[in-house]
Amino acid sequence: MTDGEAHRPRSTATLIVLGAAALAVFLGLLALGVWQVERRAWKLDLIARVDQRVAAAPVAPPSDWAGIDADRDEYRHVRISGRFLDDREAQVVASTAKGAGYWVMTPLQAADGTVVLVNRGFVPTENRDPATRAAGQVDGPVTVTGLLRITEPKGGFLRSNEPAAERWYSRDVAAIAAARGLTNVAPYFIDADATPNPGGLPIGGLTVIAFPNSHLVYAVTWFGLAALLAFGVGYAVRSERTRRGQAVAG
């Protein structure tokens, strides 16, 4: 391209195409920014609702199992009574602030025959075998207070549950119930609170409640890119006017 061609005004058709493309990208960036603002509002509302549930007085777990909804029910503060079926517990791989080990998932059978899996808490690897923590195997009626959690189907990150090999990487209620021959089982589990268990194990109250909230950063990024695009278009418009003015003068 010669120097004269570089400074020659663009055709009207070219300007229309470039303008339409720039407008589409600009509107797309604005839409992404607005979406992130809306997502941030949703996330803040979710965090507020979860905080309210956790701090509320404990209530009976939902009996309408078909109506369980994660947005409405997860982390609800609940209390349930019954008897532990210790011979049917499952140990799920866990990584916690106390190190690596297992979550002890024990079925609790209520007076009406329904069963709820209870995550009684964490045990170190050396205490996976229930015989090493016999004091914690409670015989008789118990009352458990904790947080309702939604089932974690299929497995953990890049690891599928292997029921036949007793390798559990997620708290999959349906799979654990099937492996243990349990029926009439709630589709959720309960994370027990920090109330000490006999013998000190399992260790409850280790539920981590964290909701990543980077939506404001993303929104600023998208709006910033839209502003830069608008600046670039403005600069291009001024340059085009200069070219046309020079062409007329020439």
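Chemist: Requested: an account of the packing of aromatic side chains, with residues and values cited.
Modeler: What the rule picks out here adds up to one aromatic pair. Over the aromatic face of Phe-84 sits the side chain of Arg-120, whose NZ or CZ is 4.5 Å from the ring centroid.

Chemist: Kindly report on the environment of Arg-241, identifying the contributing residues and their values.
Modeler: Within the fold, Arg-241 resides in helix H5 (residues 215–249). Along the backbone, Arg-241 and Phe-122 are 119 residues apart, and their C-alpha atoms lie at a distance of 71 Å.

Chemist: I'd like to hear about the nonpolar core, residue by residue, with values.
Modeler: Most often, soluble globular proteins have nonpolar side chains that are buried together. By size, the foremost hydrophobic cluster in this structure holds 16 residues, and its most contacted members are Val-92, Met-105, Leu-117, Ile-176 and Val-185. Those elements that place two or more of their residues in this core are strand S2 (90–96), strand S3 (99–109), strand S4 (115–124), helix H4 (173–179) and strand S8 (185–192). With 14 residues, the next largest nonpolar core counts Phe-84, Ala-186, Tyr-188 and Ile-190 among its residues.

Chemist: Got a sec to walk through the pairing of strand S1 (residues 77–84)? Specific residues and values, please.
Modeler: The sheet contact formed by S1 and strand S5 (residues 141–150) spans seven bridges and is antiparallel. When the sheet's bridge partners are listed, Ile-80 is paired in S5 with Val-144. Taken together, the two bridges between S1 and S3 define a ladder with antiparallel strand orientation. Within S3, the residue paired with Arg-83 across the bridge is Gln-109.

Chemist: Please provide a residue-by-residue account of the environment of Ser-81, values included.
Modeler: Along the chain, Ser-81 turns up in strand S1. When its relative accessible area of 40% is taken as the criterion, Ser-81 is described as partly exposed. Placed 45 residues apart in sequence, Ser-81 and Glu-126 show a C-alpha to C-alpha distance of 29 Å. Those residues within four positions of Ser-81 in sequence are excluded, and the remaining contacts are Leu-108, Ala-110, Val-142 and Thr-143.

Thresholds applied
- Residues numbered from 1 in each chain as written.
- Predicted model: local features only at pLDDT ≥ 70, side-chain atom pairs only at ≥ 80, totals over all residues.
- Heavy atoms only, no water.
- Phe/Tyr/Trp six-rings, centres within 6.5 Å; stacked < 30°, edge-to-face > 60°.
- Lys NZ or Arg CZ within 6 Å of the ring centre and 35° of its normal.
- Helix = DSSP H or I, 4+ residues; strand = E, 2+ residues; numbered from the N terminus.
- Core = buried A, V, L, I, M, F, W, Y, C linked by side-chain atoms within 4.5 Å.
- Buried < 20%, exposed > 50% of the residue type's maximum accessible area, 1.4 Å probe, protein only.
- Pairing = 2+ DSSP bridges.
- Contact = heavy atoms within 4.5 Å.

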